Amino acid sequence: FGTGGRVWNTARALVGHLAEHPALISEKRRIIELGSGTGLIGIACGMLLSAHTGVDGPRVAVTDMESVMPFLRENIESNGVAGAVEAAPLLWGTDVSDFGAPVDAVLMADVAYTDAYAELAATLASLCGPETLVLHCYATRKKDVGQLFFDEIKRLGFTTEALDLPSFVIGWPDGWANGITLYQHRAPPP
């Protein structure tokens, strides 16, 4: 699965943020994770939602390329969150109407490193309304195309604010959190 087959520190940090602030998602009805890879973030959301709300039925969609779907579905089943989380293919830059946009929350970690930044930005814009919570954990890399993504969402009218990393990240071994930033993006009004 390449980069999608491992858990990145950005995903761990975003899950930590949600665990420290479960109210951010507890009232959300439709949550989507973009570029899910292993599905850690969406699966953790499913566990948090089940623990805090007891609401039945999928509320979290973990998305990635079609080739990753069997892996995501297996992880969902193995973690016992099939009632709260579903896997759905989503190629950035394609139709998102199946997801009922605008969704309530979009979660993403380590997705802005790709040359498909314009497609990612277009997908984000298509999924969001002005009330959509967008949390994005990002790691700066040596050959960083991420700034192109940030420039593109700014061009689309999004605002971006850096948030504090979760407290447990402070205790990570030296270097594990280097270059990691947690952002909240906000879509423009219609």
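The rules behind the values
Residues numbered from 1 in each chain as written. Predicted model: local features only at pLDDT ≥ 70, side-chain atom pairs only at ≥ 80, totals over all residues. Heavy atoms only, no water. 1 Å grid on protein atoms, 1.4 Å probe; cavity = no way out; pocket = protein on both sides within 12 Å on 5 of 7 lines; lining within 4 Å. Points joined across faces, edges and corners; volume = space filled by probe spheres on them. Helix = DSSP H or I, 4+ residues; strand = E, 2+ residues; numbered from the N terminus. Nonpolar A, V, L, I, M, F, W, Y, C, P; charged D, E, K, R; others polar. Contact = heavy atoms within 4.5 Å. Pairing = 2+ DSSP bridges. Axes fitted to C-alpha atoms, helices over the stretch in contact; angles between N-to-C directions.

Chemist: Can you break down the layout of surface pockets residue by residue, with the values?
Modeler: Empty space within the second largest pocket amounts to approximately 180 Å³. As for the second largest pocket, its lining consists of 12 residues, of which Arg30, Ile31, Ala61, Glu86 and Phe99 are closest to the centre. For the lining of the second largest pocket, the secondary-structure elements that each account for two or more residues are strand 1 (31-34) and strand 2 (60-64). Here the lining of the second largest pocket is composed, by residue class, of seven nonpolar, no polar and five charged.

Chemist: Any chance you could break down the environment of Thr123 for me, citing the residues and the numbers?
Modeler: One can find Thr123 in helix 5 (residues 117-127). Among residues more than four places away in sequence, those in contact with Thr123 are Leu34, Leu90, Trp92, Gly93, Thr94 and Val96.

Chemist: So what's going on with the sheet that holds strand 6 (residues 159-163)? Which residues, and what values?
Modeler: Spatial ordering of the open sheet is given by 3-2-1-4-5-7-6, a layout of seven strands whose pairing is mixed. Every interior strand has two partners, whereas the edge strands, strand 3 (85-89) and strand 6, have only one. Neighbouring strand axes in the sheet, compared pairwise and without regard to direction, differ in orientation by 25° on average. Bridging between strand 6 and strand 7 (residues 180-186) involves five bridges; their strand directions are antiparallel. Along strand 7, the bridge assignment pairs Thr159 with Arg186.

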